Amino acid sequence: MKLERVIISGGGTGGHIFPALAIANEIGKRYPHAEILFVGAQGRMEMEKVPAAGYKIIGLPVTGFPRKPGMKMLTFVVRLMKSNRLAKKIINQFKPQIAIGVGGFASGPLLRASAKKGIPTLIQEQNSYAGITNKLLAKKANVICVAYEKMERYFPNEKIVLTGNPVRETLLTKIDNKQEAIEYFGLKNPGKVILIVGGSLGARSVNNAVLKNISLIAQSDVEVIWQTGSIYYQEILDKMKDATPENLHIHEFLSRMDLAYAAAGVVISRAGAGTISELCLVGKPAVLVPSPNVAEDHQTKNAQALAEKDAAVLIPDNEIDAKLLPEAIRLINDKEACKKLSENIKKLARPNATGQIVDEVEKLLKR
């Protein structure tokens, strides 16, 4: 049987969008004539990124579950009910053969509607700590693709397949293009480069920690590539004015992450599942700063899974002003420590994750 129509829900953050797009691209390679429809949440990042990648997307009015009782709870319930009705309508009209959920607000309504119609469903859980939505969806899902071991704590063991997380396709090609990276970023001391990323939108606490350590950066013999994120870029430029050290390269967004990783000796990053999968693949020593503003504190659990295997350094968000830059500079000057972290994080890489997930899609098609 050929795969002719597949529906995918994935969005909210880049960490959900990039895996969803990677899966869609792999399906497109295997089934060039397949129609792929995305379902996202209105007003979220996927509504812009998915069409830019060449796919059609329909938005649902669903929002995240409120952390506190109040009027937001009423709004949430109303939007959820409307989203459930719309998801059912989309499924009835599109008639997908397979439904895939990669996280994000819209996954719940879409996969529930699919399961009720008897459509085979696949969940891709990126984190080491499963979210509430995926725990609920797991009861009806046919297959659950995971990136970490011991996920039977959250899901039925017989449904779990350990695949890893999909990553950007550019990172699956040769990434040792150091000379191109040197020229691209204008690096004068390419032997000691620290890359700082806080996500496409940025991370305020990480950015503030950098600002508080500008003199330390200026006095060091390292070069720093700093992605501020779109929200904070102009504000940071205004604060820096003419005080930017020559060894600090400030960017709003890094479109060539392959070159950024190629240049980096140490990476400072949040601990989102997608980013961690990329770090494992490129084998970079990492200082991870879990975001405290995510559901179930899952980034801390992601980072702990690496730190326990001596595959990354973990620094809590409330300690980064004093520790982040000093630790990163200390690390990049310790070749043995970098080598050990690099070797250990590489062991966790799963470069064939996207292909394995689509293999599971094909198995569902044959059932």
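Refer to the structure printed above.
Rules and cut-offs
Residues numbered from 1 in each chain as written. Predicted model: local features only at pLDDT ≥ 70, side-chain atom pairs only at ≥ 80, totals over all residues. Heavy atoms only, no water. Helix = DSSP H or I, 4+ residues; strand = E, 2+ residues; numbered from the N terminus. Rg over C-alpha atoms; globule rule 2.2 N^0.38 Å. Buried < 20%, exposed > 50% of the residue type's maximum accessible area, 1.4 Å probe, protein only. Polar contact = N/O pair within 3.5 Å; in protein donor to acceptor, adjacent residues only side chain to side chain. Pairing = 2+ DSSP bridges.

*Asks:* Can you break down the overall build of the protein residue by residue, with the values?
*Replies:* Helix and strand counts for the protein stand at 15 helices and 13 strands. Since a compact globule built from 367 residues should have a radius of gyration of about 21 Å, the 21 Å found for the protein is in line with a globular shape. Reported as C-alpha extents along the three principal axes, the dimensions of the protein are approximately 65 × 45 × 35 Å. Across the 367 residues of the protein, 53% fall into the buried class.

*Asks:* Tell me about the environment of Asp258, and please be specific about residues and values.
*Replies:* Inspection of the secondary structure puts Asp258 in helix H10 (residues 257–263). Each C-alpha atom of the pair Asp258 and Arg44 lies 25 Å from the other, and the pair is 214 residues apart in sequence. A distance of 2.8 Å separates polar atoms of two side chains, one belonging to Asp258 and the other to Arg256.

*Asks:* Before we move on, could you go through the sheet that holds strand E9 (residues 223–227) and cite the residues and values that matter?
*Replies:* Pairing is parallel in the open sheet, where six strands are placed in the order E10-E9-E8-E11-E12-E13. The open sheet has two edge strands, strand E10 (248–251) and strand E13 (313–314), and neither has a second partner. Bridge analysis of strand E8 (residues 193–197) against E9 gives five bridges, and the strand direction is parallel. Note on E9: the bridge partner recorded for Ile194 is Val224.

Purely geometric stuff here, so don't read any function into it on its own.
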